[in-house]
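Breakdown of the fold
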Amino acid sequence: MKESLIVIMKIVMAIVAGAVVGWERASKRHSAGLRTFMVVTLSTAVGMMLEEYLHETYGAGFFILSAAAVIAVSSVAVNSIFFSAKNQIKGLTTSATLWACGAIGLTIGAGYYLVSAVALVGLYVTISLMPPIEEYLKNRCNHFEVQLELTSSISLPDFVATARVLGMRIDE
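What counts as what
Residues numbered from 1 in each chain as written. Predicted model: local features only at pLDDT ≥ 70, side-chain atom pairs only at ≥ 80, totals over all residues. Heavy atoms only, no water. Core = buried A, V, L, I, M, F, W, Y, C linked by side-chain atoms within 4.5 Å. Buried < 20%, exposed > 50% of the residue type's maximum accessible area, 1.4 Å probe, protein only. Helix = DSSP H or I, 4+ residues; strand = E, 2+ residues; numbered from the N terminus. Expected span 1.5 Å × (residues − 1). Contact = heavy atoms within 4.5 Å. Polar contact = N/O pair within 3.5 Å; in protein donor to acceptor, adjacent residues only side chain to side chain.

A look at the nonpolar core
- Ranked by size, the top nonpolar core spans 17 residues in total, and within it Val21, Phe37, Leu98, Cys101, Ile104, Ile108 and Leu123 carry the most contacts.
- Looking at this core, the elements with two or more residues in it are α1 (2-27), α2 (34-58), α3 (64-79), α4 (92-110) and α5 (113-140).

The following block contains the structure:
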């Protein structure tokens, strides 16, 4: 009976941890939302619980299932990264956050509740409180990336001369 309660507690904790992160990402309309993060955290927790069961029951010392869970989460995370029309990378934070939720699921499944809770709080603070700080730092930066498309190379010397008169420095 006690073991059943522990299993239920781990599963509920994994679902709640995934929901906390997924709620934050979904509220900002990111590509992976509530269900995705819940499933990632739940699946890694269950993989780790099964791994522990096999280890205790059969003495198997290979953590194949938890390694497979990490590989699966990594595959999902990589697929959330894409390049926009402007050749900008999109989805990198979502990808890293999915991977972090997978790690949190593994720690929940292994029974490291303090590590899981502290990691969840750290992850939530990072993804929810850091964007305004990041925006502030970007706004203070005096480096801008401008892409220029000219119809002919004849106009390029005029553009460069005008940019220099305006005090701009061209790196490439």
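A look at α1
- Spanning 26 residues, α1 covers 37 Å between terminal C-alpha atoms, matching the ideal 38 Å at 1.5 Å per step.
- Among all positions in α1, only Lys10, Ala14, Ala17, Gly18, Val21, Gly22, Glu24 and Arg25 are buried.
- Where α1 is buried, its residues meet α2, α4 and α5.
- Within two residues after α1, Arg29 carries a phi angle of roughly 60 degrees, on the positive side.

Points about the side chain of Thr44
- Positionally, Thr44 belongs in helix α2.
- At 3.1 Å, the side chain of Thr44 and the backbone oxygen of Gly102 are in polar contact.
- Sequence-distant contacts of Thr44, defined by excluding residues within four places in its chain, comprise Ala69, Val73, Cys101, Gly102, Gly105 and Leu106.

Structural measurements only, silent on function.
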